[in-house]
Protein chains: 2
Amino acid sequence: MQETRLSTARIRAARQVIDPVFLDTPLYRCEALEPALGCTVSIKLETANPVRSFKGRGTEVVASRLAEHGPRAVVCASAGNLGQALAWSGRGRGLDVTVVASRFATEAKLDRIRALGAKLELVDGDHEMARERAAAIARDDGIRLVEDSLDIETCEGAATIGLELVDSVPSFDTVLIALGGGALATGVGHVVKALAPEVEVICVQPEGAPAMTRSWHGRRVVTTDSTDTIADGVAGRCPIPAVLDDLLVVADDAVLVQEASIIAGMRLLHDHAGLVVEPSAALGIAALLEDRDRFAGRHVVTIVCGSNVDMGAYHRWVGR
Amino acid sequence: MQETRLSTARIRAARQVIDPVFLDTPLYRCEALEPALGCTVSIKLETANPVRSFKGRGTEVVASRLAEHGPRAVVCASAGNLGQALAWSGRGRGLDVTVVASRFATEAKLDRIRALGAKLELVDGDHEMARERAAAIARDDGIRLVEDSLDIETCEGAATIGLELVDSVPSFDTVLIALGGGALATGVGHVVKALAPEVEVICVQPEGAPAMTRSWHGRRVVTTDSTDTIADGVAGRCPIPAVLDDLLVVADDAVLVQEASIIAGMRLLHDHAGLVVEPSAALGIAALLEDRDRFAGRHVVTIVCGSNVDMGAYHRWVGR
């Protein structure tokens, strides 16, 4: 494999500093989903932890290193899950955490960030504006900026999921990964391609937020002017060049899915797996629904990456 | 501690024969639930596995021993979860599994039992009639009868949850356990009382199926003529004397909860924990709702023990 910014040794080291509550998450076959999807489906469940998303793996790495020898204050931009996880990891280590988010972010996520004791600043724009504002705060206040997917700790944390996947028995053919900023996809992808290269790594993004997918296909950064998706967790417009470079090494494909498929995926996970998930976590199931022929007869793992969702919106979308 | 039928050494040995997919399940604090409940709440999640309940732990012990040196055919009565788990464990080992259930059992459970390749026989009565019929099949056909809660393997399997609880950091004050036949309560209770006797063991049963709770309070077997609860997984009428004896040793209390509280508990777990659960799995939350003063300020673990539920019924009950 070509090099990426990640190293498998550093990812193994990251495992040592992550609170065990985020590690060794369930990985199990969900046969009740299979008649609707036409393939063998296993779920890697990243929602049964105190912040209900995989982001705690990365923020544990960030916060543990800061607690050792860094500034005691940290700021990040977040659609909500990174902020919640950073607030949790920072609280346990006495760090001063500021989260910048769009005022249009999911209310349930913002509520949890506040409840965890972080300072929350809302910007009157989208996630890219929140990123700019967080960078300005870091610059002005001289505190540590955590940039999701760019900061290697966020990728290393996510990559520990990959270690758990490749250690699993029985093995699988394909892993479907929600694609947003790219920490999850490049992290898991790096480990899979390093240790189980025969497994296919497929990234999934909404058609309404296709910047990284288009960038991957074009092999150069493509930005978009806006996003239009319910999958708030992956709704970026401006891919980070270094992350794209890594994604070009580790991903076998990147596909776009429709909103209706995301909702159908959420509904399937509710009714047949007993899981209330946020839209980003249903991207893998959406990809299976949209291309049954491609996956027929294969064993596919989908990472259920988050379950922070406003109940009112969930009910409107899913009817549950 | 007085002796029970269980031994901690045998429970540790049981761990070795259980498929890891059922072990080391998530245990995590769920702060979003806490404002409604007035105490610190951690969830022990037993639903993120191929059969969506804790019963796989016990059936793995049963099936592994049968596969070594027993008959190749086995029958059990089940409200659905034991049957599904036995079907799963038996399929992996080439055992011939028959499940007897009430024709009023939860359809989703019966569907999964069939899908897993077990022979399903329905009786025109309740769970106690299914128990009688299963015993008759075992006698007539000379095959192994698995009696939930009476057969020590079912208790030992459930008890492995207890090992995982007492190994946890930080520790907790109370564990709330759904009480049906008693395998879960006596199994987990045995380990907790043996290894962390300061932790309070509280069993929770529906008011509509109070036989074992009444028996515990009366210190002798009390049966009831009927049951009236949506919590199908714990709706027995005829406690097993040997199981009651163990429960008298390990339980600090047994409480009854109302149907409305069970439904409120299911709703809280849906909206604040992202979990679709069956009624039995919400008994612990129901107990917290019914007696906030008792648990105020304490750290309570509740075992979310199953999530097999008919979606139509779920929607009618919970409105989700």
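Residues numbered from 1 in each chain as written. Chains lettered and ligands numbered in written order. Predicted model: local features only at pLDDT ≥ 70, side-chain atom pairs only at ≥ 80, totals over all residues. Heavy atoms only, no water.

Draft legend 1. Broad picture of the overall build of chain A. Within chain A, the regular secondary structure consists of 14 helices and 10 strands. The C-alpha radius of gyration computed for chain A amounts to 18 Å, which stays within 12% of the reference 20 Å derived for 320 residues, consistent with globular compactness. Taken over the C-alpha atoms alone, chain A extends approximately 55 × 45 × 35 Å along its principal axes. In chain A, 73% of the contacts between residues at least 6 apart in sequence involve partners at least 24 apart. (Helix = DSSP H or I, 4+ residues; strand = E, 2+ residues; numbered from the N terminus. Rg over C-alpha atoms; globule rule 2.2 N^0.38 Å. Contact = heavy atoms within 4.5 Å.)

Draft legend 2. How the structure looks around the domain arrangement of chain A. Residues and elements named next belong to chain A. Domain annotation of chain A identifies domain 1 (8–53 + 152–318) and domain 2 (55–146). Of note, the centres of domain 1 and domain 2, computed from C-alpha atoms alone, are 22 Å apart. Counting residues at the interface gives 34 residues for domain 1 and 25 residues for domain 2. In total, about 2300 Å² of surface goes out of reach between domain 1 and domain 2, with carbon and sulfur atoms giving 51% of it. Our count for the contact surface shared by domain 1 and domain 2 stands at 7 salt bridges. Measuring nitrogen to oxygen at the nearest pair gives 2.5 Å for the salt bridge that ties aspartate 232 to lysine 109. If you look at where domain 1 meets domain 2, you find 19 residue pairs in polar contact (both at pLDDT 80 or more). (Domains from an automatic or database assignment. Buried area = accessible area lost by both parts, 1.4 Å probe. Salt bridge = Lys/Arg side-chain N within 4 Å of Asp/Glu carboxyl O. Polar contact = N/O pair within 3.5 Å; in protein donor to acceptor, adjacent residues only side chain to side chain.)

Draft legend 3. Expanded view of the relation of the copies chain A and chain B. For the pair chain A and chain B, the relating rotation is 180°, the translation along its axis is 0.0 Å, and the fit reaches an RMSD of 0.0 Å. The symmetry that links the two subunits is that of a two-fold axis. Closest approach to the rotation axis among the C-alpha atoms of chain A is made by Arg320(A), whose C-alpha sits 2.3 Å away. Both copies present the same face, since 100% of the interface residues in chain A are matched by interface residues at the equivalent positions in chain B. (Least-squares fit on C-alpha atoms with pLDDT ≥ 70 in both.)

Draft legend 4. Geometry of the environment of Ala130(B). All names here are of chain B. Position of alanine 130 relative to the elements: it lies in helix α6 (residues 127–141). Overall, alanine 130 belongs to the buried group, its relative accessible area being 0%. As for alanine 130 and threonine 229, which are separated by 99 residues in sequence, their C-alpha atoms are 18 Å apart. In this structure, alanine 130 is in contact with Ala77, Val100, Ala101, Ser102 and Val123, ignoring residues within four places of it in sequence. (Buried < 20%, exposed > 50% of the residue type's maximum accessible area, 1.4 Å probe, protein only.)

Draft legend 5. Here's a closer look at the UniProt feature "domain: Tryptophan synthase beta chain-like PALP" (unreviewed entry) in chain A. Look at the UniProt record and you will see "domain: Tryptophan synthase beta chain-like PALP" (unreviewed entry) annotated at residues 22–306 of chain A. The span residues 22–306 of chain A shows a helical share of 45% and a strand share of 18%, and its end C-alpha atoms are spaced 12 Å apart. (UniProt positions renumbered as here; feature names shortened; annotations may be inferred.)

Draft legend 6. Structural view of the pattern of salt bridges. Applying the stated criterion across every chain, the model contains 57 salt bridges over all chains. Notably, a salt bridge pairs Arg114(B) with Glu107(B), separated by 3.8 Å at the nearest N-O pair. Taking relative accessible area as the criterion, Glu107(B) reaches 37% and is therefore assigned partly exposed. Ionic pairing is found between Glu278(B) and Lys109(B), a salt bridge with its closest N-O pair at 2.7 Å. Taken together, the residues Glu278(B) in the loop between α11 (259–273) and α12 (283–290) and Lys109(B) in helix α5 (residues 107–115) connect sequence positions 169 residues apart. Looking at Lys109(B), the relative accessible area reads 0%, which means it is buried. One salt-bridge network, held together by shared partners, links Arg15(A), Asp24(A), Lys44(A), Glu46(A), Arg57(A) and Glu164(A).

Draft legend 7. Fine view of a negative patch on the surface. A cluster of acidic side chains, namely Glu207(A), Glu290(A), Asp291(A) and Asp293(A), defines a negative patch on the protein surface. Inspection of the secondary structure puts Glu290(A) in helix α12 (residues 283–290). (Patch = residues over 30% accessible without salt bridge, like charges linked within 9 Å, V, L, I, M, F, W, Y side chains within 5 Å. Areas by Shrake-Rupley, 256 points an atom, 1.4 Å probe, with all protein chains shown as cover. Lys, Arg positive; Asp, Glu negative; His and termini not counted. Charge placed at Lys NZ, Arg CZ, Asp CG, Glu CD.)

Draft legend 8. Summary view of the sheet that holds strand β3 (residues 73–77) of chain B. Residues and elements named next belong to chain B. Here 4 strands make up an open sheet; going across it, the order is β5-β4-β3-β6 and the pairing parallel. The two strands at the open ends of the sheet, each matched to only one other strand, are β5 (119–123) and β6 (144–146). Going across the sheet, the axis of each strand differs from the next one's by a mean of 20°, ignoring polarity. Pairing between strand β4 (residues 96–102) and β5: 5 bridges, direction parallel. Bridge pairing in β5 places serine 102 opposite valine 123. (Pairing = 2+ DSSP bridges. Axes fitted to C-alpha atoms, helices over the stretch in contact; angles between N-to-C directions.)

Draft legend 9. Structural detail: the pairing of strand β8 (residues 200–206) of chain A. All names here are of chain A. The buried fraction of β8 is high, at 6 of 7 residues. In terms of strand pairing, strand β7 (residues 174–178) meets β8 through 5 bridges, oriented parallel. Counted as the bridge partner of isoleucine 177 is cysteine 203 from β8. Read as a crossover between parallel neighbours, the route from β7 over helix α8 (residues 183–195) to β8 is right-handed. As paired strands, β8 and strand β9 (residues 253–257) are joined by 5 bridges and run parallel to one another. Paired with valine 204 across the bridge in β9 is valine 255. (Right-handed = clockwise from strand over helix to strand, strands pointing away.)

Draft legend 10. Spotlight on the packing of aromatic side chains. All names here are of chain B. For the structure on display, the rule yields 2 aromatic pairs over all chains. Relative to tryptophan 88, the ring of phenylalanine 22 lies with its centre 5.1 Å away and its plane at 85°, an arrangement referred to as edge-to-face. Of this pair, phenylalanine 22 sits in the loop between α1 (8–15) and β1 (27–29) while tryptophan 88 sits in helix α4 (residues 81–91), placing them 66 residues apart in sequence. For the pair phenylalanine 22 and tryptophan 88, one class covers both residues: buried. (Phe/Tyr/Trp six-rings, centres within 6.5 Å; stacked < 30°, edge-to-face > 60°.)

Draft legend 11. Quick look at the interface of chain A and chain B. The interface is formed by 26 residues belonging to chain A together with 26 residues belonging to chain B. In total, about 2100 Å² of surface goes out of reach between chain A and chain B, with carbon and sulfur atoms giving 55% of it. Our count for the contact surface shared by chain A and chain B stands at 2 salt bridges. For Arg91(A), the salt bridge identified is with Glu31(B), shortest N-O distance 2.6 Å. At the junction of chain A and chain B, the tally comes to 7 residue pairs in polar contact (both at pLDDT 80 or more). Going through the elements one at a time, β1 (27–29), α4 (81–91), α11 (259–273) and α14 (311–318) of chain A are the ones with two or more residues in the side of chain A that touches chain B. The element best represented in the side of chain A that touches chain B is α11(A), accounting for 4 residues.

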